[in-house]
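Okay, here's what each chain looks like letter by letter:
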Amino acid sequence: MGKLDVAILRYLTGEDFRVLTAVEMGMKNHELVPGSLVASIANLRHGGVHKLMKDLCKHRLLTYERGKQYDGYRLTNAGYDYLALKALTNRKVIASFGNQIGVGKESNIYTVADEDRNPLCLKLHRLGRTCFRNIKGKRDYHAHRNKASWLYLSRISATKEFAYMKALYDRGFPVPKPMDFNRHCVVMELVNGGPLTHVTSVEDPEPLYDELMNLIVRLGNCGVIHGDFNEFNIMIDETNHPVIIDFPQMVSTSHPNAELYFDRDVRCVREFFKKRFGYESELFPKFSDLERDDELDAEVACSGYKRSKGVEDELLQEMGIELEVSDLEDSDEDNADDEQERSTKYTDNEIEELRKEVEQSIEHDEKSALKQITAK
Ligand code: ADP
Ligand code: MG
């Protein structure tokens, strides 16, 4: 994968979308979703679901695989991309696709445009492809419990990123304007510039250094630490000012390791300025300097911020997974309980529930994230 086949967006119908959504729902507790189950969840008026699934396999949006106990369908990366991109185009957030402009550690970045041809940036989160390096100890547990982990981890990552970006943007931080998100995709303003790592020299490094350190402190006073404040996640725009990107790993200043993360962000900037510009300063912020004046961490329910319900808890609950926030961080604890694979037999009530979820999901895909937030 990697390349987006967006032509497909034009060919596929509402029925295809419904079938893919049904597979997505089925994957909540099935590694492979049996065709008969897809058919009953999708509940197409005129049937023909098997022909549709066959064609979706041909387009590589689904794969049909043989499992140990039964055979069934699985959503591919491209299939998941398709669902999100179709939702975002239906909502008229994006209208056309440009080039891939970046491959991050856990993402692919593209330029896109809205209906008025304004350029935008599309970030597709791809957790689990580079594999669950952050949940090492839990990997087997996840694989065992739910082989579709990549699907919901990528989605949590995108949801968190959007939530932080919005909270930061609303407070006037220099971050790209968040436009919308769906599943594992975030649409945001395209920064006119390049990452700091491409900047080979500056006339006077001091003002930029000060600006970056002030940003770290301002974030800290709001209760958050970026956690990956390096020259790849700091963009320099056309006015030579920094724009901060890449937020899924942000943590609360109440996190037990907050000081460590804070110091690491500060050190990243100091070391880069020394190495690249030969600039050193005795002035740099310390964790103890922070004076909290906002509750951004509580608002977004950052990792490390103790509250029972956060964005990710809700998402996980919605996906039927019992997982704690700390499971998304380093942990060596192994918890591979031998749970039996769920039976493939659903009761009529369960099928009815899943059908309802498909309806809700399709309806949800028509409303923008910002409208959903303001409608609350
Ligand atoms: P990852 O989480 O994979 O590191 P990033 O969000 O850091 O992804 O993005 C990877 C790269 O894509 C960045 O280093 C930057 O070059 C580019 N990029 C990301 N967001 C934008 C944006 N809004 N505008 C322009 N370029 C961007
Ligand atoms: Mg990055």
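Residues numbered from 1 in each chain as written. Chains lettered and ligands numbered in written order. Predicted model: local features only at pLDDT ≥ 70, side-chain atom pairs only at ≥ 80, totals over all residues. Heavy atoms only, no water.

Caption draft 1: Inspection of the sheet that holds strand β11 (residues 242–244) at higher detail. Pairing is antiparallel in the open sheet, where three strands are placed in the order β8-β10-β11. The strands lining the two open edges of the sheet, one partner per strand, are β8 (193–195) and β11. Ignoring which end each strand starts from, the neighbouring axes of this sheet average 30° apart. Relative to β11, strand β10 (residues 234–237) is paired through three bridges, and the arrangement is antiparallel. Paired with isoleucine 234 across the two strands is isoleucine 244, which belongs to β11. The sheet strands contacting helix α8 (residues 205–221) are β10 and β11, and the helix crosses β11 at an angle near 25°. (Pairing = 2+ DSSP bridges. Helix = DSSP H or I, 4+ residues; strand = E, 2+ residues; numbered from the N terminus. Axes fitted to C-alpha atoms, helices over the stretch in contact; angles between N-to-C directions. Contact = heavy atoms within 4.5 Å.)

Caption draft 2: Geometry of the coordination of the magnesium ion (ligand 2). All of the protein donors around the magnesium ion (ligand 2) are Asn233 (OD1) and Asp246 (OD); their distances to the metal are 2.1 Å. With a gap of 13 residues between them, asparagine 233 in the loop between β9 (224–225) and β10 and aspartate 246 in the loop between β11 and β12 (251–252) connect regions that are remote in the sequence. For the pair asparagine 233 and aspartate 246, one class covers both residues: buried. (Donors = N, O, S within 2.8 Å, 3.2 Å for Na, K, Ca; no water. Buried < 20%, exposed > 50% of the residue type's maximum accessible area, 1.4 Å probe, protein only.)

Caption draft 3: Seen up close, helix α4 (residues 49–58). Listed in full, the buried residues belonging to α4 are Val49, Leu52, Met53 and Leu56. Looking down the long axis of α4, one finds its buried residues gathered within 100° of arc, a one-sided arrangement. Set apart from the buried face of α4 by more than 90 degrees, the exposed residues are Lys51, Lys54 and Lys58. Elements that come into contact with the buried residues of α4 comprise α2 (14–26), α3 (35–42), β1 (62–66) and β2 (71–75). In the stretch just after α4, arginine 60 is the one whose phi turns positive, near 60°. (Arc of directions from axis to C-beta.)

Caption draft 4: Representation of the nonpolar core within the structure. With 48 residues, the main nonpolar core has Val19, Leu75 and Leu122 as its most contacted residues. A per-element tally of this core places helix α5 (residues 77–90) first, with seven residues. Residues Ile109, Phe162, Tyr164 and Phe277 belong to the second largest nonpolar core, which totals 46 residues. (Core = buried A, V, L, I, M, F, W, Y, C linked by side-chain atoms within 4.5 Å.)

Caption draft 5: The pairing of strand β3 (residues 96–103), seen in detail. Taken together, the five bridges between β3 and strand β4 (residues 107–113) define a ladder with antiparallel strand orientation. The residue of β4 that forms the bridge with glycine 102 is isoleucine 109. Between the end of β3 and the start of β4, which pair antiparallel, lie three residues.

Caption draft 6: A look at unusual backbone geometry. Its identity as a non-glycine residue notwithstanding, arginine 60 has a phi of 60°, on the positive side. Within the secondary structure, arginine 60 is located in the loop between α4 and β1. Taking the relative accessible area as the measure of exposure, arginine 60 reaches 64% and is therefore exposed. The backbone of aspartate 246 shows a phi angle near 70°, a positive value even though the residue is not glycine. Assessed through its relative accessible area of 16%, aspartate 246 is described here as buried.

Caption draft 7: Expanded view of the side chain of serine 154. Here serine 154 shows up in helix α7 (residues 149–170). A polar side-chain atom of serine 154 sits 3.1 Å from the main-chain amide nitrogen of leucine 127. (Polar contact = N/O pair within 3.5 Å; in protein donor to acceptor, adjacent residues only side chain to side chain.)

That's the geometry; what it means functionally is another story.
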